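Given next are the chains, with one letter for each unit.
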Amino acid sequence: MTLATHEVRWSAGGQMIVDGVTLTVEPNRVLGLIGPNGSGKSSLLRLLCRLRKVASGVVTLDARDIADLPRRELARRLAFVEQQAATEVQLSVCDVVRLGRTPHRGAFASWTEVDEHAVDIALKRVGLAARHDQPWHTLSGGERQRVHIARALAQEPRELILDEPTNHLDIQHQLAILTLVRRLGLTCVVALHDLNLASLFCDRVGVLAGGRLVAFGTPQEVLTPCLIAEVFGVEVVIRESTPGRRHIEYVVEHEAGDHA
Ligand SMILES: Nc1ncnc2c1ncn2[C@@H]1O[C@H](COP(=O)(O)OP(=O)(O)OP(=O)(O)O)[C@@H](O)[C@H]1O
Ligand SMILES: [Mg+2]
């Protein structure tokens with residue numbers, strides 16, 4: 001038992017943004033959320049972490065309504081990396097990752113070796129151990145994204161929620177981060193735009209369109225040419241080069257006169 005939503009709704013500006021979503025995240029598996037821009041992915045993730053309050057329906061963690069969980073208990077269980085996480089510019093890399101330890105420490109507890117170890121391991125996992133003392137504002141966009149992921153890992157969560165974690169990352173680091181996410185064996189919900197990465201790294205995929213969950217299942221069940229055409233308005237061909245390895249190829253018509 002882990003994270004689940006039942007008939008969750010959330011509206012803003014007079015518009016229904018998340019519209020009756022019911023889903024269960026399987027323990028220790030990766031659930032990918034895909035959908036067009038504005039389909040409600042980030043909004044749903046925020047409801048899962050209680051950064052937003054549901055208008056109706058319920059989000060549960062181990063069958064308990066998350067609205068009833070003490071803040072600290074929730075923070076120890078669940079870590080969230082936002083789509084565009086901002087951080088105080090004066091901080092160093094290790095200061096940012098140290099923030100992940102907050103839920104594990106008492107109000108006046110001193111910093112321990114266990115905390116330091118968690119920070120070091122987290123930075124190592126995202127390949128930034130050498131940047132430990134670098135000022136945050138001097139990092140590249142991709143490095144900042146990886147530091148935010150390290151902060152979430154230092155939190156030692158059981159549930160990890162990532163909103164477009166591959167944003168800003170070069171292809172090597174996109175693959176490295178998603179490989180790491182899989183290897184961690186945590187219960188993970190990740191919003192992704194790249195359908196091939198979703199297919200490669202997710203055990204289950206949920207598709208949002210207009211705030212509604214329009215498909216849910218294994219990547220193979222969900223990511224069909226028909227669904228992709230319907231939801232994204234894009235024509236694709238699916239190739240299977242090796243058994244079980246599907247590649248989604250976009251069909252793009254070049255205009256006459258375009259450079260070939
Ligand atoms: N606080 C708010 N007030 C008004 N509208 C909002 C608010 N938050 C989100 N929205 C709207 O809800 C819709 C869904 O937004 P959301 O950020 O969840 O989409 P998304 O699927 O994550 O998109 P993207 O792929 O671009 O990240 C958008 O149209 C957005 O403008
Ligand atoms: Mg988003």
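Attention here is on the structure that accompanies the text. (Residues numbered from 1 in each chain as written. Chains lettered and ligands numbered in written order. Predicted model: local features only at pLDDT ≥ 70, side-chain atom pairs only at ≥ 80, totals over all residues. Heavy atoms only, no water.)

Some details on the nonpolar core
Part 1: Judged by nonpolar contacts, the single largest core of 47 residues is most densely connected at Val-97, Val-126, Val-147, Leu-153, Leu-160 and Val-207.
Part 2: Element by element, the count of residues in this core is highest for helix H5 (residues 141-154), at 6 residues.
Part 3: Excluding residues that lie within four positions of it along the chain, Val-126 makes contacts with Arg-146, Ile-149, Ala-150, Leu-153, Ile-177 and Leu-180.
Part 4: Leu-23, Leu-33, Cys-49 and Leu-61 belong to the second-largest nonpolar core, a separate cluster that totals 26 residues. (Core = buried A, V, L, I, M, F, W, Y, C linked by side-chain atoms within 4.5 Å. Buried < 20%, exposed > 50% of the residue type's maximum accessible area, 1.4 Å probe, protein only. Helix = DSSP H or I, 4+ residues; strand = E, 2+ residues; numbered from the N terminus. Contact = heavy atoms within 4.5 Å.)

Quick look at the environment of Glu-82
Part 1: Note on placement: Glu-82 falls in the loop between strand S6 (78-81) and helix H3 (93-98).
Part 2: When the C-alpha positions of Glu-82 and His-148 are compared, they lie 8.5 Å apart, and in sequence the two are 66 residues distant.
Part 3: Look past the residues within four positions of Glu-82 in its chain and what remains in contact with it is Arg-46 and Asp-163.

Focus on the packing of H5 against helix H6 (residues 171-184)
Part 1: It is at 12 Å that the axes of H5 and H6 come closest, and there the two elements cross at 10 degrees. Here H5 is positioned roughly parallel relative to H6, judged by the angle of their axes. Between H5 and H6, the residues in contact are Arg-146, Ile-149 and Leu-153 and His-173, Ile-177, Leu-180 and Leu-184, respectively.
Part 2: For the contact of H5 with H6, the residue count by class is 5 nonpolar, 1 polar and 1 charged. (Axes fitted to C-alpha atoms, helices over the stretch in contact; angles between N-to-C directions. Parallel < 35°, antiparallel > 145°, perpendicular 65-115°, else oblique. Nonpolar A, V, L, I, M, F, W, Y, C, P; charged D, E, K, R; others polar.)

Focus: the site of ligand 1
Part 1: Taken together, 14 residues form the shell around ligand 1, and within it Gly-38, Lys-41, Ser-42, Ser-43 and Gln-83 come nearest.
Part 2: The side chain of Asn-37 places a nitrogen or oxygen atom 3.0 Å from an oxygen atom of ligand 1.
Part 3: One of the side-chain N or O atoms of His-193 is found 3.0 Å from an oxygen atom in ligand 1.
Part 4: Surface burial for ligand 1 is 62%, taken as the share of its 640 Å² of free accessible area covered by protein chains.
Part 5: Of all the secondary-structure elements, those providing two or more residues to the shell around ligand 1 are strand S1 (3-12) and helix H1 (41-48).
Part 6: Here the element with the most residues in the shell around ligand 1 is H1; it accounts for 3 residues.
Part 7: Taken together, the residues that form the shell around ligand 1 break down as 4 nonpolar, 8 polar and 2 charged. (Near = heavy atom within 4 Å. Polar contact = N/O pair within 3.5 Å; in protein donor to acceptor, adjacent residues only side chain to side chain. Areas by Shrake-Rupley, 256 points an atom, 1.4 Å probe, with all protein chains shown as cover.)

Remarks on the sheet that holds strand S10 (residues 212-217)
Part 1: The mixed open sheet is built from 6 strands, whose spatial order is S6-S7-S8-S3-S9-S10. The sheet is open, and its two edges are formed by S6 and S10, each paired on a single side. When the angles between neighbouring strand axes are averaged without regard to direction, this sheet yields 15 degrees.
Part 2: Strand direction decides the pairing type here: S6 and strand S7 (residues 159-163), joined by 4 bridges, are parallel. Each bridged residue has a counterpart across the sheet, and for Phe-80 the counterpart in S7 is Ile-161.
Part 3: Across the face of the sheet, H5 comes into contact with S6 and S7 while running at roughly 175 degrees to S6. (Pairing = 2+ DSSP bridges.)

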